[in-house]
Amino acid sequence: MSDPITHMPQHTLSVVVPMYNEQENAPLQIDAVQDALKHYPMPWEMILVDDGSSDNTVTALLKRAKEIGPHIRVVELRRNFKQTAAMQAGIDAARGDVIVTMDGDLQNDPRDIPKLVARLLNEDLDMVAGWRQKRQDGFILRKFPSMIANTLIRKVSGLDFKDLGCSLKAFRGEVLRKVRLYGEMHRFIPAWLATVTSPRRMAEEPVRHHARVLGESKYGISRTFRVIVDLLAMYFFLRFGTRPGHFFGGIGLVFSALGSLILSYLGLLKLFGEQVGGRPLLWLGFFSLLAGVQMLTTGVLAEILMRSYFDQSGARSYHVMRNDTPAPNDGWHHAQA
């Protein structure tokens, strides 16, 4: 049987790694990817994004990148914009036909990258996500929050992925670049991709996972609550992203109808001589009608804002301080014969 890795279609590969306060892991992460891909049959590059680290992460990255070669690139953000924005910065800097994302804590194994890319290209998919079948993390602070988040995301998105929290993923670049990431949205990339491609063009592949040895984890229970907030935003955008007036307008019509019915009923009672001024129902009708008008107005404003959003270009969730992008034909690693 032929090796699928050596029979991949021609392509260029970009490996994106966001990092925050990982000075111990920074040079080791570069070495791990370099060792895993030094014989990769296609041109590749590695983009490391320092997310405003308060330690010496960026210094360690720049030192090791200079020692290895120009295919190791460092993007330094001006402050800590969080993982999703850092990942988006790396995606924006990536030049490859295929983009692979992974964490910078050495828990993802870069030796799985060729396998993910081979499946992506040979099966003509748009995304292959890593599935940590034997996850090497603590239950309370890592596995339990991840289980909650994965369950909620599956329920809302309808995507049957077992491990949405694994950062090790391979994407077709032209598809991934159509999606913009904000908040904690890196967890929801499969759901966002489903807005531009079919879920049938996405798959999961078992990958290796290692326990953290150096540095401190940036994850915890608190991230679960942030995920829930972003999950509500994702639900809104997936259902009403291009038609927010339908969402707010629908709620506004319900409240307006309720308020109108109540006030009409009280108006009839008033015509027949009954006193309605002191009734709590009058206040309910008045505020229901007012809420309905406000929601309808909000829907109109949301439509205007959404149209402005889609018309604008170049909006970013971060600001770059350094991006050592080489010339278009330079900075790729080529396997030695």
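Not measured: the values here are computed from a predicted model.

Colleague: Describe the overall build of the protein, and please don't skip the residues or the numbers.
Modeller: Check the secondary structure of the protein and you find 10 helices and 8 strands. Counting only contacts in the protein whose residues sit at least 6 apart along the sequence, the fraction spanning at least 24 positions is 83%. Counting only carbon and sulfur atoms, one obtains 60% of the accessible surface of the protein, whose full area is about 17000 Å².

Colleague: Explain the nonpolar core to me, and be specific about the residues and the numbers.
Modeller: Of all hydrophobic cores here, the largest spans 36 residues; its most connected members are Leu13, Met46, Ile113 and Val117. Of all elements in the fold, only strand E1 (13–19), helix H1 (26–37), strand E2 (44–50), helix H2 (57–68), strand E3 (72–77), strand E4 (98–101), helix H4 (113–122) and strand E7 (202–207) reach the threshold of two or more residues within this core. With 6 residues, H4 is the single largest residue contributor to this core. Once you skip the residues sitting within four places of it in the chain, Val117 turns out to touch Met8, His11, Leu13, Tyr40, Val98, Val100 and Ala170. The next biggest cluster of nonpolar side chains, apart from the first, holds 33 residues, and it includes Ile47, Val49, Met185 and Ile189.

Colleague: Pulling in residues and values, what's your account of the pattern of salt bridges?
Modeller: A complete count under the given rule lists 17 salt bridges for this structure. One salt bridge connects Lys63 with Glu67, and the closest N-O pair in it is separated by 2.9 Å. One end of the pair is Lys63 and the other is Glu67, both in helix H2 and 4 residues apart, which spans about a single turn. When its relative accessible area of 45% is taken as the criterion, Glu67 is described as partly exposed. For the salt bridge of Arg208 with Asp109, the shortest nitrogen-to-oxygen distance reads 3.8 Å. Note that Arg208 is positioned in the loop between E7 and helix H8 (221–240) and Asp109 in the loop between E4 and H4, a separation of 99 residues in sequence. Residue Asp109 is classed as buried on the basis of its relative accessible area, which comes to 4%. A single salt-bridge network, built from bridges that share partners, covers Asp109, Arg111, Asp112, Lys115 and Arg208.

Colleague: Describe the packing of H1 against H2, with residues and values.
Modeller: Close contact between H1 and H2 brings their axes to 8 Å; oriented N to C, the two are set at 35°. H1 and H2 meet at a crossing whose hand is right-handed. Contacts between H1 and H2 pair Ala26, Pro27, Ile30, Asp31 and Gln34 from the former with Thr57, Ala60, Leu61, Arg64, Ala65 and Ile68 from the latter. Tallied by class, the residues present in the contact of H1 with H2 amount to 7 nonpolar, 2 polar and 2 charged.

Colleague: Outline unusual backbone geometry, listing residues and values.
Modeller: Most peptide bonds are trans, and most residues other than glycine sit at a negative phi. At Lys82, a position not held by glycine, the phi torsion is positive, near 80°. Tracing the backbone shows Lys82 in helix H3 (residues 82–93). A relative accessible area of 48% places Lys82 in the partly exposed class. With a phi close to 70°, Leu106 is a non-glycine residue in the positive phi region. On the secondary structure map, Leu106 appears in the loop between E4 and H4. You can call Leu106 partly exposed: its relative accessible area is 25%.

Procedures and definitions
- Residues numbered from 1 in each chain as written.
- Predicted model: local features only at pLDDT ≥ 70, side-chain atom pairs only at ≥ 80, totals over all residues.
- Heavy atoms only, no water.
- Helix = DSSP H or I, 4+ residues; strand = E, 2+ residues; numbered from the N terminus.
- Contact = heavy atoms within 4.5 Å.
- Areas by Shrake-Rupley, 256 points an atom, 1.4 Å probe, with all protein chains shown as cover.
- Core = buried A, V, L, I, M, F, W, Y, C linked by side-chain atoms within 4.5 Å.
- Buried < 20%, exposed > 50% of the residue type's maximum accessible area, 1.4 Å probe, protein only.
- Salt bridge = Lys/Arg side-chain N within 4 Å of Asp/Glu carboxyl O.
- Axes fitted to C-alpha atoms, helices over the stretch in contact; angles between N-to-C directions.
- Left-handed = near helix turned anticlockwise from the far one by under 90°.
- Nonpolar A, V, L, I, M, F, W, Y, C, P; charged D, E, K, R; others polar.

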